[in-house]
Amino acid sequence: MALLAIEDFSVSYGKAEAVRSVSVEVEKGRIATVIGPNGAGKTSLLNAAIGLLPASGRVIYDGEDISRLDVEQRVEMGFCLVPERRELFGEMSVEDNLRLGAYSHRRAHAQNKRSLDEIYDRFPRLMERRRQAAGTLSGGERQMLALGRALMARPKLLMLDEPSLGLAPLITREILATLPSLCENGVSILLVEQNARAALETADFGYVMETGDIVRSGPADALIHDPMLITTYLGGH
Ligand code: ATP
C-alpha cells in the first residue's frame, strides 16, 4: 500500500511547466527514487509534494487527500524534506544542529534523547564531532548531519533532494547505504538523485524524469538493467 501517492501533478513557474502530469508513489517502508538530469523537474516535484510550491493534481497520504494542507500541516503529519543545499547552522555545534531538528515538533521533542542516541549509533562520526561547529565538517559529514537533523523530527516520509551533491562516489554510497535501515524502522523514503546508479542500487522502485515528464518507471533492479538507461544514465556498463 502506498504511503504517498502523487497523482497527476503539475508545477509551473509562470508559463513554464516544470512538472507535467506526473504520478509517483512511495510504498510504506520502501525507497522510491526519481532520477534524471539537471533541470528535469525533480526538485520542483519534491517542493510541491511537501507544499512549498503550488501544484495542480493530488497528494494522497496514507489514503487521505491532503492536497489542500499547507506545509506546516504536512510536516506535522510526518513529512520531512532534506533540501539540496543542506542549510546547517555552521557556527553551531553538531549536537545543537541535531537538537534543532526536533525543536518545533512537540511529539519528536519529547523523544530528543532517544533520537540523539539512535542518530549517534547510526553515524558514529557525528558522535565523535558532536561538540565541533557544523561549519568545520567535511561534505559527507554535513550530509550525515542534514540527514540526522531530519531524523530528529521522527519523520514518516523522508524526502531527500540530491544527497550526493558535491560528494565523492564512495561517500555517496556510504550515505545512501544508511537508508534501507531507516525503512526497517518504519520510515518511507522518496529520493531524488542525479546519480542514477547509486540511487537505483539503494531504492526499491525508480522513476526516470526528463523535462517535466516521467519517461520510465519500474522496480529499481529492472531499471538498472534497462538498455535505454544504461546508455543514457548508467555510464554504459
Ligand atoms: P536540479 O538537479 O538542477 O535541481 P531538477 O531536476 O531538480 O534539477 P528543477 O530544479 O525542479 O529540476 O527545475 C525544473 C525546471 O524548472 C527547470 O527548467 C528550471 O529552470 C525551472 N525552475 C526551477 N525553479 C524555478 C524558479 N524558481 N523559477 C523559474 N523556473 C524555475
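The following paragraphs examine the structure supplied in this document. (Residues numbered from 1 in each chain as written. Predicted model: local features only at pLDDT ≥ 70, side-chain atom pairs only at ≥ 80, totals over all residues. Heavy atoms only, no water.)

1. A word on the sheet that holds strand E4 (residues 56–61)
Phase 1 of the analysis: Reading across the sheet, the four strands line up as E2-E1-E4-E5 and stay open at both edges, with antiparallel pairing between neighbours. On the outer flanks of this sheet lie strand E2 (16–27) and strand E5 (64–65), each paired with one strand and no other.
Phase 2 of the analysis: Summarising the sheet, strand E1 (residues 2–13) and E2 pair through eight bridges and their orientation is antiparallel. Bridge pairing in E2 links Ile-6 to Val-24.
Phase 3 of the analysis: Along the sheet, helix H1 (residues 42–49) contacts E1, E2 and E4; its crossing angle with E1, the most-contacted strand, is approximately 115 degrees. (Pairing = 2+ DSSP bridges. Helix = DSSP H or I, 4+ residues; strand = E, 2+ residues; numbered from the N terminus. Contact = heavy atoms within 4.5 Å. Axes fitted to C-alpha atoms, helices over the stretch in contact; angles between N-to-C directions.)

2. Things to note about the site of the ligand
Phase 1 of the analysis: Taken together, 13 residues sit near the ligand, with Asn-38, Gly-39, Lys-42, Thr-43 and Ser-44 positioned nearest.
Phase 2 of the analysis: At a separation of 2.4 Å, an oxygen atom of the ligand approaches a polar side-chain atom of Asn-38.
Phase 3 of the analysis: Interatomic distance of 2.6 Å between a backbone N/O atom of Thr-43 and an oxygen atom of the ligand.
Phase 4 of the analysis: Considering the ligand on its own, with 630 Å² of exposed area, one finds that the protein chains cover 58% of that surface.
Phase 5 of the analysis: Ranked by residue count, the leading element in the shell around the ligand is H1, at three residues.
Phase 6 of the analysis: In terms of residue class, the shell around the ligand is built from four nonpolar, six polar and three charged. (Near = heavy atom within 4 Å. Polar contact = N/O pair within 3.5 Å; in protein donor to acceptor, adjacent residues only side chain to side chain. Areas by Shrake-Rupley, 256 points an atom, 1.4 Å probe, with all protein chains shown as cover. Nonpolar A, V, L, I, M, F, W, Y, C, P; charged D, E, K, R; others polar.)

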